[in-house]
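Fold and contact review
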Amino acid sequence: MPSPQKNLSNFEQQKSQIEPHLMLFSPWCYGHHPTYLRHLISYWCQWQLPGTLNIVVSGQFLEEHTDVVELQKKYDDRQSIKFVAITPQEQADLENATSGWGRAFEQYKLISKYASLLKATQGLIIYFDSCQLPLVLGLKLPCPFSGIYYRPTFHYRLFVDSIPTWRERVQHLREQIFLWRLLHHPQFKTLFCLDPLAIEAIARLGNRDQVMHLPDPVKLEDSGENSPENLRVNLGIEPNRQIFLSFGRLSEGRKGVPQLVEAISLLSPDIQQNLCLLFVGEPNSKQLEAWLTPIRQLDSLKIVTRYGYVPESEVNSYFQLADVVLAPYQRHVGMSGILLQAAAANKPVLSSDYGLMGEMIRRYRLGLAVDSTLPSEIAKGLTRFLLEAPDNLCDRTKMKGFAEQNSAERFARIIFKYTILDTPKIL
C-alpha cells in the first residue's frame, strides 16, 4: 500500500500539472519593466488568477522598485506571486556582455535555468527583442514561451515620407527572417507586439493566431495633495510661462536633448521669456547638466530640473502641469510611453516624425511631429506652440480615445489570456 507521503507527492505533481506556473523574465531595472510588472501584479491579485506567478528579476530591481514589490506583499493573500532574484554574478555577466549577441545568450541561459528551477509551464519574456537569437537558431527551452516585441521596423516603409536607407533595408530583411524562424519555433506560443500597425505584416510570416497587439499601458494616479497648481508653486514657475515637459532618462543621446538645447538657442528672447523647460526623472544629472549649460546662461529662459526616481503616484502631476510634452527622439523605433502619458493627461506633444511615433501623432492628432534631427525644425514647433491656440495643433477627442485603447487593464488582460488561460473570467 502506498505511503501517505507518496500519495501526497503524487497529488502535488498532478496539481502542478493542472495549475499554470507562469514565469515572467524581466532582468532589467528601468524602462517599461517596473511599470509592466506593476500592472500585471495588480491584475493578477484583483482577479485571483489560478496558479503561480514567478517574476525573475535582478537584485537591483528589488532594491530600487520597492513600491512594485510591496504590491505583492499587500494584495497577494494567497502568496501566489513570488519574486525570484538572479544571482549577483549572473547580473554582472548579463550587464558586462560585450555585444548584443552575448547578452542574448546570457539571457537564454538564465531563462532556461529559472524555467527549470521554477517548473514553469509557460514563460513570458518581457523584453523579447534583446534575446531572440538563440531561439531563432532553434535552441529549446524547458517550457513553451511567449514574448513582448517592442521594435519592429520592416513595415515603416509603408508610412508617409518613409524612404529607408540601405542599412535599414538590411535590418528589415533580418527582422523578417528572425520573425519567420520564431513563429515556426515548436515551443513558441504568442508574440505580443506593441506596434498596432505591424500586426498584419508580422502575421503574414506565420500563424495569425500567434500574433497579438499589446497595448502600451497607461494608468494615471490621482494627483492628491501634489496637484498641478501646488506643484507649479513648489517648483517656482511663474504663471505667465508655458511649461514644456521632458520626462524620463534624458541623458541618453537618443532622447534628443542636445538638439532641443540648440533649438532653444535659436529662439528670440521674446519667445524664450514665455517658456519654461521642465526636466523630470533623469537619475544622473551630470550629462544632462553638461548639455543644459549653454542655455542656462539665457536670462529670459527658465529651466527647472527634478532629478531622481519619480514615484508612480507623482508622475501624473507633472503631465497635468505641462502645457506641452517634449519627445524629440532621434529616429526612435517603436512606441513610447510618453505619448500615452501625454494623451491620458490630454496634453499635446512635440515629437519626432519618424517611424511609429510620427505615425501615431499624425493619425490621432496628438500634437506636432517634426524632423527632430534638425534643431531648426524643433524651434519652429516650439514657436507654434507658444504662439498658436493648442486646440489648433491637436485633437483632444482623438487623444482621449488613443489613451483609452491603451489602458493598463487591457494590457494585463491580454497578457494573461494568451499565456496561461482561456477562460471568460478574464475576458
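Let me begin by describing the structure that accompanies this report.

What counts and how
Residues numbered from 1 in each chain as written. Predicted model: local features only at pLDDT ≥ 70, side-chain atom pairs only at ≥ 80, totals over all residues. Heavy atoms only, no water. Helix = DSSP H or I, 4+ residues; strand = E, 2+ residues; numbered from the N terminus. Buried < 20%, exposed > 50% of the residue type's maximum accessible area, 1.4 Å probe, protein only. Pairing = 2+ DSSP bridges. Axes fitted to C-alpha atoms, helices over the stretch in contact; angles between N-to-C directions. Contact = heavy atoms within 4.5 Å. Right-handed = clockwise from strand over helix to strand, strands pointing away. Phe/Tyr/Trp six-rings, centres within 6.5 Å; stacked < 30°, edge-to-face > 60°. Lys NZ or Arg CZ within 6 Å of the ring centre and 35° of its normal. Parallel < 35°, antiparallel > 145°, perpendicular 65-115°, else oblique. Nonpolar A, V, L, I, M, F, W, Y, C, P; charged D, E, K, R; others polar.

One can find His213 in strand β7 (residues 211-213). Residues His213 and Ala198, spaced 15 residues apart in sequence, show a C-alpha to C-alpha distance of 8.5 Å.

Within helix α14 (residues 312-321), seven of the ten residues are buried, which leaves it mostly tucked inside the rest of the structure. Within α14, burial applies to Glu312, Val315, Asn316, Ser317, Tyr318, Phe319 and Leu321.

Our focus in this paragraph is the sheet that holds β7. As summarised here, the arrangement of the seven strands in space is β3-β2-β1-β4-β5-β6-β7, forming an open sheet in which the pairing is parallel. Each having just a single partner strand, β3 (81-85) and β7 make up the two edges of the open sheet. Each strand axis lies, on average, 20° off the axis of its neighbour in the sheet, ignoring direction. In the sheet, strand β1 (residues 21-25) pairs with strand β4 (residues 122-125) via four bridges, with the strands oriented parallel. Of the residues in β4, the one forming a bridge with Phe25 is Ile125. Here helix α2 (residues 33-47) sits on the sheet in contact with β1, β2 (52-57), β3 and β5 (145-149), set at roughly 165° to β2. Across the face of the sheet, helix α6 (residues 100-117) comes into contact with β1, β2, β3 and β4 while running at roughly 155° to β1.

Buried residues dominate β2, accounting for six of its six residues. Because side chains alternate across β2, one face comprises the buried residues Thr52, Asn54 and Val56, and the other comprises Leu53, Ile55 and Val57, equally buried. In the sheet, β1 pairs with β2 via five bridges, with the strands oriented parallel. Residue pairing across strands places Leu24 opposite Ile55, the latter belonging to β2. Each parallel crossover has a hand, and the one from β1 via α2 to β2 is right-handed.

Turning our attention to the sheet that holds strand β8 (residues 242-247). By way of backbone hydrogen bonds, the strands of a sheet pair with one another, either parallel or antiparallel. Strand order across the open sheet formed by six strands is β10-β9-β8-β11-β12-β13, with parallel pairing between neighbours. Sheet topology places β10 (302-306) and β13 (367-370) at the edges, where each strand pairs with a single neighbour. Strand-to-strand twist across the sheet, computed as the mean angle between neighbouring axes with direction ignored, equals 20°. Here β8 runs beside strand β9 (residues 275-280); their pairing, made up of six bridges, is parallel. Following the sheet pairing, Leu245 is matched in β9 by Leu278. Helix α13 (residues 285-296) rests against β9 and β10 of the sheet, and its axis sits at about 165° to β10. With respect to the sheet, α14 is in contact with β8, β9, β10 and β11 (324-327), its orientation differing from that of β8 by roughly 140°.

Moving on, we get to unusual backbone geometry. Phi angles above zero are rare outside glycine, and Gln48 is one such case at about 50°. Here Gln48 lies in the loop between α2 and β2. Here the phi dihedral of Lys119 falls at roughly 55°; this positive angle occurs in a residue that is not glycine.

For the rest of this paragraph, the subject is the packing of aromatic side chains. Per the counting criterion, the structure on display carries 14 aromatic pairs. Over the aromatic face of Phe178 sits the side chain of Arg174, whose NZ or CZ is 4.4 Å from the ring centroid. When the ring centre of Tyr418 is taken as origin, the NZ or CZ atom of Lys417, which lies over that ring, is 5.1 Å away.

To continue, consider the packing of α2 against helix α4 (residues 66-75). Put simply, α2 and α4 touch, their axes get as near as 9 Å, and they point 5° apart. It follows from the interaxial angle that α2 and α4 lie roughly parallel. The segment α2 lies against α4, with Pro34, Leu37, Arg38, Ile41, Ser42 and Cys45 engaging Asp67, Val68, Leu71, Gln72 and Tyr75. Residues of the contact of α2 with α4, tallied by class, amount to seven nonpolar, two polar and two charged.

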